[in-house]
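Observations on the model geometry
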Amino acid sequence: MLHDWGVIATAFAYIGLLFFIASRGDRMSAGERGRASQWIYPLSLAIYCTSWTFFGSVGFATRTSVDFLAIYVGPIVMVGLCTPLLRRVIALAKSQNITSIADFIAARYGKSQAVAATVALIAIIGSVPYIALQLKAMASSLETILSEDQAFSKIPVIGDIALMVTLAMAVFAVLFGTRHTDATEHQHGLILAIAAESIVKLVAFIAAGAFVTFWMFSPVELYERALKTPEAVRAIEYVPSIGNFLIMTLLSFCAVMLLPRQFHVSVVENSTGAEVTRARWLFPLYLIAINVFVIPIAIAGLVIFPFGAVDADMFVLALPIEGNAQLLSLAVFVGGLSAATAMVIVECVALSIMVSNDIVLPLVLPRSDDARIGQKDFGDFLLKARRFSIFAIMVMAYFYYRALGNTQLVAIGLLSFAAITQLAPAFFGGLFWRRATARGAMAGMLVGFAMWLYTLFIPSFLENSTAGLMLLQHGPFGIEALRPQALFGADLPPLLHGVLWSLALNILTYVLFSLARAPSSIELLQADVFVPNALAPIAPSFRRWRTTVTVQDIESTVRQYLGPDRTREAFASFAVDRNIVLLAAAPADFELLQHAERLIASSIGAASSRLVMSLLLQRRTVSAKAALKLLDDSHAALHFNREILQTALNHVRQGIAVFDADLQLICSNRQFSELLALPPHLVQLGIPLPEILEFMGAISPPPAGDSDNLLQLRLRAYTTEGEPYLERFTDRHLVIEVRANRMPGGGLVITFSDVTPSFEAAEALERANATLEKRVRDRTEELTRLNSELALAKGIAEDANASKTRFLAAASHDILQPLNAARLYVTSLVERQSGGEDSRLVENIDDSLEAIEDILGALLDISRLDAGAMTPAITSFRMADLMRSLEIEFMPIARDKGLDLRFVACSLPVESDRSLLRRLLQNFISNAIKYTPRAAC
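First, a word on scope: everything that follows refers to the structure included in this document. (Residues numbered from 1 in each chain as written. Predicted model: local features only at pLDDT ≥ 70, side-chain atom pairs only at ≥ 80, totals over all residues. Heavy atoms only, no water.)

So, unusual backbone geometry
Notably, S65 is not glycine yet its phi reads approximately 55°, a positive angle. When you line up the elements, S65 lands in the loop between α3 (51-64) and α4 (70-81). Residues other than glycine seldom take positive phi values, yet N324 does so here, at roughly 60°. Summarising the element assignment, N324 is placed in the loop between α16 (315-322) and α17 (326-364). (Helix = DSSP H or I, 4+ residues; strand = E, 2+ residues; numbered from the N terminus.)

Here's what the structure looks like:
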């Protein structure tokens, strides 16, 4: 059995552990925070899972089966599927130094103080029941775990554990949530503690579910016993109401963004876009994990505790106690305590910021002379106001808890959700509708909230009294058409009825009042910030912005809210960024005035900062109206400059994107998104560069290799100055040159140029060069081959010629032998003829045979010449002898053709080869006779 002192000591020890974790978080280095932030941020979003989730979901499931899942479908859709919307809200909040949900909505509607106060009041009234829900859950869990030991609870005051926990959580929220006046400064310790609590409650709930499902029962046994239990069968066979399911989904979708604590952790405490990327899948996974065992625990509770023996909301704690698992019971109790404390602490911090900035300060400032002359230190005043607000809110929640009675946890939670949803038309409408005005937003919220009070809040207190039941059944003054839960005869479930009426009238009033009057100049300016206009900029109506407010006046005003050190640093940074010198007596320009307003907004919100600056300007102008006109003109001037710059960028042929030191997009032009084919949600302010590159890698995946390594290489190329980086999109036949340039403040300007034509020309030239080289190489190879073949043919021809020469040389003897024999016979005949005609004839025959022998000898000599074996034989002889032999040889031939062949007698000697010279002359004479057709005239 668990005793009072042990449980109480564990509870306070756990709260002490939270103090330690928060202190450790405040002492973490920047590097440690950077590494842990991507896990801390998604886990901090799990603050959505409060005691309602830890205890109430099980109780809800025992009555309406799977209807409880609607509470988690909305957040999954918002964070998992509507990430671009969340990124847009975060970017707007950072650019406007937004401190709360009230500040965000007020900034959209011309920084209206009335809108901010309206949102703050609705948020406070709507959140108090939710905080009371946590106190009720903790009190019920204590009653369950200490059911057999009531010694501690009998001690006066201290025995009221709900009061003690209330005060402890208020102290925690004060210590770690109100240390700085700058509400936009990250509360690292507080958020680390919230993330740790998210882990604790998840582990505790899963442990309890596993114990019940697999230890106390087996899944089969649990199902079989459920079929034998009428209450369990009723829960299993319950048919969910589609209307209720959809309306709860809508409520949860709005609540995960609009609840003060959710807006604080998801928007104000966000540091980088990478945190949102991880939360996109981790937060939905967390919601799924913490609800896995809700149905088994609910069925097991109905089986073990039939007929209402134990409050169904406490089944998750009562079952381990019933199973004698004391340590597990204590862990589950700590998990429930964790779920409650996380929500209460952050909710109180967020609400206290709204109370101080949007309610207290606007009431104090106009009545404070010190505020006008810049002497009062409002930083300390703000911290005191927030600390007091935290205790006041916790006390109201405690008294509301005391008045709750036996109301189910889910009913209280849905009541709170319905109240916060009244902010949805003004919030979401302001993000998409430029025509909306502050009057429309405030009127819509007030009418919707009034309907919430009448149809949902008031009936929650009327069911326990006779007069209340009469009012519910017959309406006020007996007018049944005005029955709170059946207006004009509408027969709907109470929740569906109240939400539909309140939201419908809210939206209708919002639209009608917005259309009834044109937006003011400051509303138009803020609409341009929240809903950018695609048209060209329109010049402001003023000609020159003038004021007699000095730099010293501005600085002293900012010092009231941020302190001297931060003010000095902020103004020095402003001067360095613009390369100017700020002289105390110099008149302040509109840029300095805008800068000061943003600095003050980080402490007291956009609406109150506008009020502060208007009070400052009233000291030097005639009226408050003129002061506001000057302030609005400064906004108009800066807005006009931004529009001109954006228009100029859109007319540049290159794509341009500007990223801050954290590589988050802060400015871009149209060509940037067109060149990279980026969808609209990836060119919103605040989108991190790695996410853009990740999208590019997804639509054009690499053919091979690690995509993560490729992403890192691409990121390094995009952020390194120097050589340009060529980005190729083969599917679009596009090549882009990327150049990075660093800015003085650590930011980055990246330009994107379409170089496809020049790149294609270079590629064509490269291909031509490569083809030319190939053609030269092929031609060289062809010539080499032909030369080889020619050399081979030459060798063959030479071999054939050598063979012919050898044949002629071999045949020369056989050819000359018969001629030699003929000459011998002719010579013998000459010797026998001693004279006369026959003797001359025989001599002529001898000479002809000698000529034939010479001709054949010449042919044989040619063969020897081819073989390289012939050498000339130089002798001295008389030309007359040579000529006489030629005359004898050719005279008969010439006579036969009728030609006159004459030889000139010459007795001179010559030195030559007689045979070769004779052959030469013989050829000349033979050709002359042969080619002379007739004698000359």
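Notes on a nonpolar patch on the surface
On the surface, L167, V171, L175 and F391 cluster together into a nonpolar patch covering about 300 Å² of accessible area. Counting residues per element, the nonpolar patch draws most heavily on helix α8 (residues 161-177), which supplies three residues. Here L167 shows up in helix α8. (Patch = residues over 30% accessible without salt bridge, like charges linked within 9 Å, V, L, I, M, F, W, Y side chains within 5 Å. Areas by Shrake-Rupley, 256 points an atom, 1.4 Å probe, with all protein chains shown as cover. Salt bridge = Lys/Arg side-chain N within 4 Å of Asp/Glu carboxyl O.)

Quick look at the sheet that holds strand β5 (residues 748-754)
Taken in spatial order, the five strands line up as β2-β1-β5-β4-β3 in an open sheet, and their pairing is antiparallel. Where the open sheet ends on each side, the last strands, each with one partner, are β2 (665-668) and β3 (725-729). In this sheet, adjacent strand axes meet at a mean angle of 25° when their direction is disregarded. (Pairing = 2+ DSSP bridges. Axes fitted to C-alpha atoms, helices over the stretch in contact; angles between N-to-C directions.)

Remarks on the side chain of T421
Position of T421 relative to the elements: it lies in the loop between α20 (409-420) and α21 (424-432). For T421, a relative accessible area of 1% corresponds to the buried category. Within the structure, T421 has its side chain in polar contact with the backbone oxygen of F417 (distance 2.7 Å). Once residues lying within four places of it in the same chain are set aside, the contact partners of T421 are L251, C254 and L503. (Buried < 20%, exposed > 50% of the residue type's maximum accessible area, 1.4 Å probe, protein only. Polar contact = N/O pair within 3.5 Å; in protein donor to acceptor, adjacent residues only side chain to side chain. Contact = heavy atoms within 4.5 Å.)

Brief notes about the packing of aromatic side chains
Counted under the stated rule, the structure contains 24 aromatic pairs. Between the aromatic rings of F54 and F205, the centroid separation amounts to 5.5 Å while the plane-to-plane angle is 70°, which identifies the pairing as edge-to-face. Taken as a pair, F54 in helix α3 and F205 in helix α9 (residues 188-216) lie far apart in primary sequence, 151 residues in all. Of the two residues, F54 and F205, neither departs from the other in class, the shared state being buried. An aromatic cluster of three or more residues is present, and its members are F104, F253, F263, F427, F428 and F530. Sitting above the plane of the F432 ring, R88 keeps its charged end 5.2 Å from the centroid. Lying across the ring of Y109, R108 places its NZ or CZ 4.9 Å from the centre. (Phe/Tyr/Trp six-rings, centres within 6.5 Å; stacked < 30°, edge-to-face > 60°. Lys NZ or Arg CZ within 6 Å of the ring centre and 35° of its normal.)

Side note on the nonpolar core
Of all hydrophobic cores here, the largest spans 179 residues; its most connected members are F104, L258 and F427. The residues touching F104, leaving out its near neighbours within four places in the chain, are V89, L92, A93, I98, F263, F427, L431 and F530. By size, the runner-up hydrophobic cluster in this structure holds 25 residues, among which are L676, Y718, L734 and V738. (Core = buried A, V, L, I, M, F, W, Y, C linked by side-chain atoms within 4.5 Å.)

Thoughts on the pattern of salt bridges
Using the criterion set out here, one finds six salt bridges in the structure. A salt bridge links E782 to R785; the shortest N-O distance between them is 2.1 Å. In this pair, E782 and R785 both sit in helix α35 (residues 756-832), three residues apart, roughly one turn of the helix. We classify E782 as partly exposed; its relative accessible area is 33%. Sharing partners across several salt bridges, the network here consists of E782, R785 and E789.

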